[in-house]
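# Observations on the three-dimensional arrangement
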Amino acid sequence: MAAARDMRYRGRQTVNGSLAYDLDYAVRERELRHAGKAPRTQEKAKAKVYEAPRVLVRARQYVSPLALLSVAAIMGLALLVLMNYVQLTLLSAETVELQSQLEELETENVSLTAQYQRMFDMASVKEAAEAAGMSKPSSTQMSRLDLSAGDSAVAYRQKEPGLFSRIIASLHGGVCAVVEYFD
């Protein structure tokens, strides 16, 4: 019967008793192994001297000028970025303002164009011309040009200038160029 009971629980791996760790197991086993033997003489334990830990002082570290220069450059660049953001904000606000002005001007342009077209209506122009005493010209006031005849032109040839007149003209041109340069 006992074999049947062992077979029944063998697949499930059951444990009889507690599953807690036995912390004194190694001590009990050693005592059982050495039971009946004379106890060993224990060597005198050396006195341990505890020393206070030495405080390690780090040497003073110097900051390199290159590191200071790079930090200053980074701060300068950050300031430039901030100033550019301020300028961008101002420009965008100005752009919005100009767009609103553009919309107002476009509506004003539409109204002025309509007013202009009403002012130059042909009927109103005709009435204003008649009120000023203007009228259409009569047939006696009109004259016609007859361009059926061919065109003609006469070209006259000038004499060749002499040597003396060419020298005078050249000097005159040089003096004019100098005066023009210094003006």
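Procedures and definitions
- Residues numbered from 1 in each chain as written.
- Predicted model: local features only at pLDDT ≥ 70, side-chain atom pairs only at ≥ 80, totals over all residues.
- Heavy atoms only, no water.
- Patch = residues over 30% accessible without salt bridge, like charges linked within 9 Å, V, L, I, M, F, W, Y side chains within 5 Å.
- Areas by Shrake-Rupley, 256 points an atom, 1.4 Å probe, with all protein chains shown as cover.
- Salt bridge = Lys/Arg side-chain N within 4 Å of Asp/Glu carboxyl O.
- Lys, Arg positive; Asp, Glu negative; His and termini not counted.
- Charge placed at Lys NZ, Arg CZ, Asp CG, Glu CD.
- Buried < 20%, exposed > 50% of the residue type's maximum accessible area, 1.4 Å probe, protein only.
- Helix = DSSP H or I, 4+ residues; strand = E, 2+ residues; numbered from the N terminus.
- pLDDT = per-residue confidence, 0-100.

### What to know about a negative patch on the surface
A cluster of acidic residues, Glu103, Glu104, Glu106 and Glu108, forms a negative patch at the surface. On the basis of relative accessibility, which here comes to 45%, the residue Glu106 falls in the partly exposed class.

### What to know about helix H4 (residues 122–131)
The element H4 is largely exposed, with a buried count of zero among its ten residues. Just downstream of H4, Gly133 is the residue with a positive phi angle, here 95°.

### Some details on the confidence of the model for the protein
With 84% of its residues at a pLDDT of 70 or more, the protein shows a mean pLDDT of 82. At the level of individual helices and strands, the protein shows its lowest average pLDDT in helix H1 (residues 2–10), which scores 53, and its highest in helix H3 (residues 65–119), which scores 94.

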